[in-house]
Amino acid sequence: MQMNKWTVALAAAVLGFGLSACEGDDGLPGATGSQGEQGDVGAPGTPGAPGTPGADGNNGALLDLTRIGGYQDPTLDYANDIFDTSAAEIVAFDPATDRVFVVNANAVTVDVLDLSNPTSPQKVNTIDATAEGGAANSVSIFGGVAAVAIEAADKVSNGKVVFYNTSTLAKLGEATVGALPDMLTFTRDGQAVLVANEGESNGYGNPGSVDPVGSISVIDVSAGFASPSVATAGFEAYNGQEAALRAEGIRIYGPGASAAQDFEPEYIAESVDGQSAWVSLQEANAFAIVDLSNRAAPTVTSVQSLGFKAYSIEGMDASDRDPRDFPQVNIQSWPVLGMYQPDAIASYQFNGKTYYISANEGDDRNDFLQQEETERIKDLTLDPDRFPNRDALQEDEAIGRLEVTTQIGDLDNDGDFDQLYALGGRSFSIWTQDPMGKVVQVYDSGSDFERITAQRYPNNFNASNDDNSPEGRSDAKGPEPEGVTVGTLAGRSFAFIGLERIGGVMVYDVTNPQSPSFIQYVNFRDFTKDPETDASIGDLGPEGLTFVAAADSPNGKPLLIVGNEVSGTTAIWQIDVVEIANP
């Protein structure tokens, strides 16, 4: 059956869903500069004109990001040693030495770059972590000390955090933490380090398979780094409550896993007052809230579902095989729910209250389940009452090729699917707690990312980070926002969100968390070059982002440093405040 816009409109009307226009939508944020047709693209790193800040009744600032420098190891062969090896994953900056510390997960090292001249970063040394265990996963810096998270050679065993002097790189000490320490951060006062121990399974149901518990470690470094004490907050108190948690929308589905085993902390953000922290539980589509009022006895006080977004309202491009009478950008309303499933999160303050920003990437457990978690909608049996137009919907040109989870959706347990849940939100969200302690969403960027990238790169829309072909990710998780950081400029708060697949960074003014405004989208990628073989392609797969304030910057200008794991490049973006609106 050939789907056309009238068939889609009729299908949507049957279910009561409105259609979203691909372009010209009133909800479209300020326009970025346009990009030429493929074969006539601008040089990578040439940003489009900054967008127009939204009018939220407050003072506004207009920014312009320019990539002024970058580093990629010239001694390595790009195709064989750098491409898609996580050679530049997480980044941290030390203002005392003007050094950037870059996690090279594949090589189990942390590369140290001299940033005294931001236009020409140079590698000056390497921290070799091979003697400490398996992969290095994260780095954080405070007061001339770098904390590095290192998983065990056997990832299901306890890992460690190792401390290094940022000037001499001498080892200062270490602390044992939980299994697979995946992310860490110094607290705002520098007196402790918070560690997200993912506790990932090494395979369900296989001989010798182990599923360790997830946990959050708090390392007290107030007395120094030689032998710091460690306190751990776990999820064991939630064991036995799995059915109730699932009923609340929290995903617990590892075969035979308890809640403590199934919850896998991904990222941590501390509250502004330091009394608590939020932890993203990506696969569970939930946040855990940790009480830090007594760092010697941290406690998980709640685990809360993030709920789901309605693509019937916000729209999405759900197929990599669009109808012939549609352009390859085909953002439509579909009867699909999205799980936010944030990867990175960041916190900031507005009117004395902490708000949390999430990059809603999405993730599955296909690597560990004996049967893959996701299937294409065309391969599922849809409930005829819930989806009276199921034949039309299951066409490749509609949502037949969209991958959804099979772990939830059969509401009445009769063997067919009553609801469809896609992985990830293709967006960023802002969250806080209401007076009763409930996690509430105050903003979501909806389909902004797809609309903006479609306008900027119509011929490479939803391309992946290893292929320039358009729409390679439309049937999966779209642009896949993964990393996020927050910085203060001109007295306002800005969020910088990295898009893992098509690449680039989205910039939003989030000063008022209930009314963010799009500022700019920059992408240093040349779509005329082969991602797998050409080292000059630019930046692919941004993951770790860090903001450097002007007061700490080597050149006196605020900077954004981005680790691009697929291209193995560390990018240095200078941030210029172009205009202050409504002074």
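Structure: above.
Residues numbered from 1 in each chain as written. Predicted model: local features only at pLDDT ≥ 70, side-chain atom pairs only at ≥ 80, totals over all residues. Heavy atoms only, no water.

### Quick look at the nonpolar core
Line of reasoning, step 1. If you look at the biggest cluster of nonpolar residues, it comprises 62 residues, and the most contacted ones within it are Phe-235, Phe-263, Val-303 and Tyr-508.
Line of reasoning, step 2. If you tally residues by element for this core, the top one is strand E16 (residues 286–291), at five residues.
Line of reasoning, step 3. If we ignore the near neighbours within four places in the chain, the residues touching Phe-263 are Glu-198, Gly-214, Phe-235, Tyr-238, Leu-245, Ile-250, Ile-252, Leu-281, Ala-284 and Val-303. (Core = buried A, V, L, I, M, F, W, Y, C linked by side-chain atoms within 4.5 Å. Buried < 20%, exposed > 50% of the residue type's maximum accessible area, 1.4 Å probe, protein only. Helix = DSSP H or I, 4+ residues; strand = E, 2+ residues; numbered from the N terminus. Contact = heavy atoms within 4.5 Å.)

### Here we look at the side chain of Asp-444
Line of reasoning, step 1. Following the sequence through the fold, Asp-444 ends up in strand E26 (residues 439–444).
Line of reasoning, step 2. A polar side-chain atom of Asp-444 sits 3.0 Å from a polar atom in the side chain of Lys-309.
Line of reasoning, step 3. At 2.8 Å, the side chain of Asp-444 forms a polar contact with the backbone nitrogen of Gly-446.
Line of reasoning, step 4. Once residues within four sequence positions are removed from consideration, Asp-444 is found in contact with Lys-309, Glu-314, Tyr-340, Asn-360, Ser-427, Phe-428 and Ser-429. (Polar contact = N/O pair within 3.5 Å; in protein donor to acceptor, adjacent residues only side chain to side chain.)

### Structural notes on the side chain of Asn-564
Line of reasoning, step 1. On the secondary structure map, Asn-564 appears in strand E32 (residues 559–564).
Line of reasoning, step 2. A relative accessible area of 3% places Asn-564 in the buried class.
Line of reasoning, step 3. Beyond its immediate stretch of four places on either side in the chain, Asn-564 contacts Ala-88, Asp-539, Leu-540, Gly-541, Pro-542, Thr-569 and Ala-571.

### Considering the sheet that holds strand E25 (residues 427–433)
Line of reasoning, step 1. An order of E20-E21-E25-E26 is seen for the four strands of this open sheet, with the pairing classed as antiparallel. Bordering the open sheet on either side are strand E20 (345–350) and E26, each of which pairs with just one other strand. Each adjacent strand pair in this sheet contributes to an overall mean axis angle of 30°, direction not counted.
Line of reasoning, step 2. Pairing of E25 with E26 involves five bridges; the strand directions are antiparallel. Directly across from Gln-433, in E26, lies its bridge partner Val-439. (Pairing = 2+ DSSP bridges. Axes fitted to C-alpha atoms, helices over the stretch in contact; angles between N-to-C directions.)

### Quick notes on the pattern of salt bridges
Line of reasoning, step 1. On inspection of all chains with the given rule, the structure shows 26 salt bridges.
Line of reasoning, step 2. A salt bridge links Glu-373 to Arg-251, with the shortest nitrogen-to-oxygen separation between them at 2.4 Å. Pair noted here: Glu-373 is in the loop between strand E21 (353–360) and strand E22 (374–376) and Arg-251 is in the loop between helix H3 (242–247) and helix H4 (259–262), with a separation of 122 residues, a long-range link. Here Glu-373 matches Arg-251 in class, with each residue buried.
Line of reasoning, step 3. Through salt bridges with shared partners, a single network forms among Glu-132, Lys-160, Lys-171 and Glu-174. (Salt bridge = Lys/Arg side-chain N within 4 Å of Asp/Glu carboxyl O.)

### Observations regarding the environment of Pro-531
Line of reasoning, step 1. Looking at the secondary structure, you find Pro-531 in the loop between strand E30 (517–522) and strand E31 (542–548).
Line of reasoning, step 2. Judged by its relative accessible area of 3%, Pro-531 is buried.
Line of reasoning, step 3. Linking Pro-531 and Asp-466, residues 65 residues apart in sequence, is a C-alpha distance of 5.3 Å.
Line of reasoning, step 4. Those residues in contact with Pro-531, other than ones at most four positions away along the chain, are Tyr-78, Phe-83, Asn-465, Asp-466, Asp-467, Asn-468, Arg-525, Ile-537 and Leu-540.

### As for the sheet that holds strand E10 (residues 181–186)
Line of reasoning, step 1. Strands sit in the order E10-E11-E12-E13 across an open sheet of four strands; the sheet is antiparallel. Where the open sheet ends on each side, the last strands, each with one partner, are E10 and strand E13 (229–234). Each adjacent strand pair in this sheet contributes to an overall mean axis angle of 20°, direction not counted.
Line of reasoning, step 2. In this structure, strand E12 (residues 215–220) lies alongside E13, joined through six bridges in antiparallel fashion. If you follow Ser-215 over to E13, its bridge partner there is Gly-234.

### Thoughts on the pairing of strand E9 (residues 171–179)
Line of reasoning, step 1. Where strand E8 (residues 158–165) lies against E9, six bridges are found, and the strand directions are antiparallel. Pairing of Val-161 across the sheet is with Ala-175, part of E9.
Line of reasoning, step 2. Hairpin remark: E8 followed by E9, antiparallel, with five residues in the connecting loop; positive phi at Leu-169, about 65°.

### Section: the packing of aromatic side chains
Line of reasoning, step 1. Tallied over the full model, the rule gives 19 aromatic pairs.
Line of reasoning, step 2. Over the aromatic face of Phe-524 sits the side chain of Arg-67, whose NZ or CZ is 3.9 Å from the ring centroid.
Line of reasoning, step 3. Here the guanidinium or amino end of Arg-365 rests over the ring plane of Tyr-253, the centre of that ring lying 4.6 Å away. (Phe/Tyr/Trp six-rings, centres within 6.5 Å; stacked < 30°, edge-to-face > 60°. Lys NZ or Arg CZ within 6 Å of the ring centre and 35° of its normal.)

### Observations concerning the environment of Gln-394
Line of reasoning, step 1. On the secondary structure map, Gln-394 appears in the loop between helix H6 (390–393) and strand E23 (403–405).
Line of reasoning, step 2. As a C-alpha pair, Gln-394 and Arg-376 span 18 residues in sequence and 9.0 Å in three-dimensional space.
Line of reasoning, step 3. When sequence neighbours within four positions are dropped, the list of residues in contact with Gln-394 reads Ile-377, Lys-378, Leu-380, Leu-382 and Gly-400.
Line of reasoning, step 4. A polar contact of 2.8 Å, which involves the side chain of Gln-394, links it to the backbone oxygen of Ile-377.

### What to know about the pairing of E12
Line of reasoning, step 1. The element E12 is largely enclosed, with a buried count of five among its six residues.
Line of reasoning, step 2. Two elements, strand E11 (residues 192–197) and E12, share six bridges in a ladder whose sense is antiparallel. The partner of Val-193 across the bridge, within E12, is Ile-219.

### Re a negative patch on the surface
Line of reasoning, step 1. Together, Asp-84, Asp-466, Asp-467, Asp-530 and Glu-532 make up a negatively charged patch on the protein surface.
Line of reasoning, step 2. With respect to the helices, strands and loops of the structure, Asp-84 is situated in the loop between helix H2 (78–82) and strand E2 (91–94). (Patch = residues over 30% accessible without salt bridge, like charges linked within 9 Å, V, L, I, M, F, W, Y side chains within 5 Å. Areas by Shrake-Rupley, 256 points an atom, 1.4 Å probe, with all protein chains shown as cover. Lys, Arg positive; Asp, Glu negative; His and termini not counted. Charge placed at Lys NZ, Arg CZ, Asp CG, Glu CD.)

### Quick word on the environment of Ala-288
Line of reasoning, step 1. Among the secondary structure elements, Ala-288 is positioned in strand E16.
Line of reasoning, step 2. Its relative accessible area of 0% is what places Ala-288 among the buried residues.
Line of reasoning, step 3. Separated by 20 residues in sequence, Ala-288 and Ile-268 place their C-alpha atoms 9.4 Å apart.
Line of reasoning, step 4. Sequence-distant contacts of Ala-288, defined by excluding residues within four places in its chain, comprise Phe-235, Ala-277, Trp-278, Val-279, Leu-281, Val-300, Ser-302 and Val-303.

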